[in-house]
Amino acid sequence: MQFDVIFEPATLKLFWQGILVSLKLLVISVSIGALLSIPLAVLRVSRNKWLSTPVWLYTYVMRGTPMLIQVYLIYYGVAQLDIVQANWDTVALFKPFKDALFCCVLAFTLNTCAYTTEMLAGAIRDTNHGEVEAAKAMGMSKWQVMRRIVLPSALRRTLPSYSNEVIMMLHGTSLASTVPALMDITGAARSVYSDYYLPFEAFITAGAIYLVLTFTLVGLFKLAERRWLAYLQPRKA
Amino acid sequence: MKKTALFGAIALALSVAASAKEWKEIRVGIDATYKPFTYKTPDGKPTGFDVDIANALCAELKAKCVFVEQAWDGMIPGLNAKKYDAIVSSMSITEERKRAVDFTGKYYNTPSRIVVKLGGAIKNVPADLKGKKIGVLKGSTQEKYAKGELEGAGAVVVPYEAQDQVYLDIKSGRLDGTVADSVEVYEGFLKTADGKGWGFVGPVLNEPKYFGEGAGIAVRKSDQDLKAALNKAIGTIRANGTWKKINDKYFNFEVWGK
């Protein structure tokens, strides 16, 4: 074991930049994914087939294929299309695909959004009938029931499973290391590995960093649950 | 105490067995993305200059070559983890690698070059590379060179998992150039339809500081017998014309080098 290599300033800097890239990927994709998932979940539970089926198809495809495949398809696949290659310096729609960070964020966002949509849709369906009935009895419209009663409660009840999704996404960002030009935590570890031929030291360091980040996330979600799910906690003596 | 003694005896027995090991089968690590040195036929069989050399050496040692594929950045760790016994995959002999493994003498030596689009903005290297994206193979001598010499001149060095991915991203327009072995890049890219309009720029690159003394076969430091046997076999195939025959199969000039 030669951990002294890990603690050299250059290596530490590499890992630090890796942490920043990983967190950037996580924060962007998870926040956009979460925002998009709210309207999608509402559509997903709609009784109108024309609204719910496209969303179902989207979540079905995204949840049915590995995220690595999605990253490859977007980074290498799209870039090999002749129409994209010919136009991506001119057409604004294609331009971002030249950028590695954008390709990763797009894949991650599409992926996490699909999972979050299904979780939220499940929570919406699970809403206590009594609450909905009471709201209707108060004379609220369908949208008012959704906005004032169902969504706030569903969002809260999704929190525990959503914390898992965010943690899975943190680990999923390691797939960014398969895209060149992106040096996330795993990418930094791979670079140390190929430069110094030290697999154990490099990947143990990366693992430890992920562990610390995961526990920080778990702690933050614990706080959030205490705040927003207090009414579901067993009563303390 | 007894247990330690027993383990000691077993370890001793094993090490004796290992040192007396006949090399009936040599597992050869390759990264089959490096045309024409190491690549695969359309039906998936390993082929190329490296593979033919390995087979010729195995034949010389009356052993069987078994090829094991490994991504480039894990080549040396894989050797030390005993996933294979030798690396015959155009690996340059460098001081850094010598710290981790042992090398035979070279079996060929070709220089590296910088490749960019001809007639474009890049005419003088490294001055014109400022802000340009240069793709290199992760963990390669060319990566060391690009990071050491080109990054200082303002080039953005992007490391890739495999050299063929570099060509994909050159084709797609994400990269402005690459640094690669001159023969490899010529056969694997410049000669193909995608390489049209691209070419070498700047001088031949062979500074030993970055590029070492040519491509050798890497073996574990503990396998001195294999190293000696391979060195002898390289001498034999070089002398008896087998090397020349393999060389002529792939190239119209000698790649033995200086």
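Calculation notes
Residues numbered from 1 in each chain as written. Chains lettered and ligands numbered in written order. Predicted model: local features only at pLDDT ≥ 70, side-chain atom pairs only at ≥ 80, totals over all residues. Heavy atoms only, no water. UniProt positions renumbered as here; feature names shortened; annotations may be inferred. Domains from an automatic or database assignment. Contact = heavy atoms within 4.5 Å. Buried area = accessible area lost by both parts, 1.4 Å probe. Salt bridge = Lys/Arg side-chain N within 4 Å of Asp/Glu carboxyl O. Polar contact = N/O pair within 3.5 Å; in protein donor to acceptor, adjacent residues only side chain to side chain. Nonpolar A, V, L, I, M, F, W, Y, C, P; charged D, E, K, R; others polar. Helix = DSSP H or I, 4+ residues; strand = E, 2+ residues; numbered from the N terminus. Buried < 20%, exposed > 50% of the residue type's maximum accessible area, 1.4 Å probe, protein only. Pairing = 2+ DSSP bridges. Axes fitted to C-alpha atoms, helices over the stretch in contact; angles between N-to-C directions. Parallel < 35°, antiparallel > 145°, perpendicular 65-115°, else oblique. Left-handed = near helix turned anticlockwise from the far one by under 90°.

An unreviewed UniProt entry annotates chain B as Arginine/ornithine transport system substrate-binding protein originating from Chitinimonas taiwanensis DSM 18899. Turning to chain B, the UniProt annotation filed under Subcellular location (unreviewed entry) states: "Periplasm".

As recorded in an unreviewed UniProt entry, chain A goes by the name Histidine/lysine/arginine/ornithine transport system permease protein HisM, listed as coming from Chitinimonas taiwanensis DSM 18899. If you open the UniProt record of chain A and go to Sequence similarities (unreviewed entry), you find "Belongs to the binding-protein-dependent transport system permease family. HisMQ subfamily." UniProt, in the comment section headed Subunit (unreviewed entry), describes chain A in these words: "The HisPMQJ complex is composed of two ATP-binding proteins (HisP), two transmembrane proteins (HisM and HisQ) and a solute-binding protein (HisJ). The HisPMQ-ArgT complex is composed of two ATP-binding proteins (HisP), two transmembrane proteins (HisM and HisQ) and a solute-binding protein (ArgT)."

S.K.: Can you lay out the domain arrangement of chain B for me, pointing to particular residues and giving the numbers?
M.R.: All names here are of chain B. Under the domain assignment, chain B is made up of domain 1 (23-109 + 213-250) and domain 2 (112-211). Taken together, the contacts link 16 residues of domain 1 with 18 residues of domain 2. Roughly 1300 Å² of surface becomes buried between domain 1 and domain 2 when both sides are summed, with 55% attributable to carbon and sulfur atoms. Broken down residue by residue, the surface that domain 1 buries against domain 2 is led by Thr-33, Tyr-34 and Trp-72, which jointly contribute 37%. In this assembly, domain 1 and domain 2 are joined by 1 salt bridge. We note a salt bridge from Lys-144 to Glu-96, for which the minimum N-O separation is 3.9 Å. At the boundary of domain 1 with domain 2, the tally comes to 2 residue pairs in polar contact (both at pLDDT 80 or more). Grouping the constituent residues of the side of domain 1 that touches domain 2 by class yields 7 nonpolar, 4 polar and 5 charged.

S.K.: Which residues make up the UniProt feature "domain: ABC transmembrane type-1" (unreviewed entry) in chain A, and what values do they have?
M.R.: Here, UniProt's "domain: ABC transmembrane type-1" (unreviewed entry) annotation points to residues 19-221 of chain A. In residues 19-221 of chain A, helix accounts for 80% and strand for 0%; the two terminal C-alpha atoms are 20 Å from one another.

S.K.: Quick rundown of the side chain of Thr-11 of chain A? Include the residues and the values.
M.R.: All names here are of chain A. By secondary structure assignment, the location of Thr-11 is in helix 1 (residues 9-44). Residue class for Thr-11 comes out buried when judged on its relative accessible area of 3%. Apart from residues lying up to four places away in sequence, Thr-11 is in contact with Val-5, Ile-6, Val-192 and Tyr-196.

S.K.: Outline the interface of chain B and chain A, listing residues and values.
M.R.: Interface size is often expressed as the accessible area that is lost when the parts come together. Taken together, the contact pairs 22 residues of chain B with 19 residues of chain A. Taken together, the two surfaces of chain B and chain A that pack against each other cover about 1800 Å², and 51% of this comes from carbon and sulfur. Here chain B is connected to chain A by 2 salt bridges. For the salt bridge of Lys-144 of chain B with Asp-195 of chain A, the shortest nitrogen-to-oxygen distance reads 3.7 Å. At the boundary of chain B and chain A, one finds 9 residue pairs in polar contact (both at pLDDT 80 or more). If you list the elements that add at least two residues to the side of chain B that touches chain A, you get helix 3 (75-80), helix 4 (95-100), helix 5 (141-150), strand 9 (156-160) and helix 6 (163-172) of chain B. Tallying contributions element by element places helix 6 of chain B first for the side of chain B that touches chain A, with 5 residues.

S.K.: Please give an account of the pairing of strand 12 (residues 215-219) of chain B that cites residues and values.
M.R.: Residue and element names in this part refer to chain B. For strand 12, the buried fraction is high: 5 of the 5 residues fall into the buried class. Sheet topology places strand 5 (residues 86-92) next to strand 12; 4 bridges connect them, and they run antiparallel. Counted as the bridge partner of Ser-92 is Ala-215 from strand 12. Examined bridge by bridge, strand 6 (residues 102-108) and strand 12 share 4 bridges and lie antiparallel to one another. Residue Lys-106 lies in a different strand from strand 12, and its bridge partner there is Gly-216.

S.K.: Residues and numbers for the environment of Arg-125 of chain A, please.
M.R.: Residue and element names in this part refer to chain A. Mapped onto the secondary structure, Arg-125 falls in helix 5 (residues 100-125). The exposure class assigned to Arg-125 is partly exposed, which follows from its relative accessible area of 49%. Counting along the chain gives 67 residues from Arg-125 to Tyr-58, while the straight-line C-alpha distance between them is 19 Å. When near neighbours in sequence (up to four residues on either side) are disregarded, Arg-125 contacts Arg-44 and Val-45.

S.K.: Please set out the UniProt feature "domain: Solute-binding protein family 3/N-terminal" (unreviewed entry) in chain B residue by residue, giving values where relevant.
M.R.: In the numbering adopted here, UniProt assigns the feature "domain: Solute-binding protein family 3/N-terminal" (unreviewed entry) to residues 25-254 of chain B. Spanning residues 25-254 of chain B, this segment combines 36% helix with 28% strand, and its end C-alpha atoms are found 30 Å apart.

S.K.: Summarise the UniProt feature "transmembrane region" (unreviewed entry) in chain A; cite the residues concerned and give the values.
M.R.: All names here are of chain A. When the UniProt feature table is mapped to this numbering, "transmembrane region" (unreviewed entry) covers residues 20-43, 55-77, 97-115 and 203-224. End-to-end, the C-alpha atoms of residues 20-43 are 35 Å apart, and along that stretch the chain is 100% helix and 0% strand. Structurally, residues 97-115 is divided into 84% helix and 0% strand, and its ends, taken at the C-alpha atoms, are 24 Å apart.

S.K.: Tell me what's going on with the packing of helix 8 (residues 185-196) of chain A against helix 9 (residues 199-228) of chain A, and back it up with residues and numbers.
M.R.: Residues and elements named next belong to chain A. Close contact between helix 8 and helix 9 brings their axes to 8 Å; oriented N to C, the two are set at 165°. By the angle class used here, helix 8 and helix 9 are roughly antiparallel. Taken as a pair, helix 8 and helix 9 cross one another with a handedness that is right-handed. Residues Ile-185, Thr-186, Ala-189, Arg-190, Val-192 and Tyr-193 of helix 8 form the contact with helix 9, whose participating residues are Pro-199, Ala-202, Phe-203, Ala-206, Ile-209, Tyr-210 and Leu-213. Partitioning the contact of helix 8 with helix 9 into residue classes produces 11 nonpolar, 1 polar and 1 charged.

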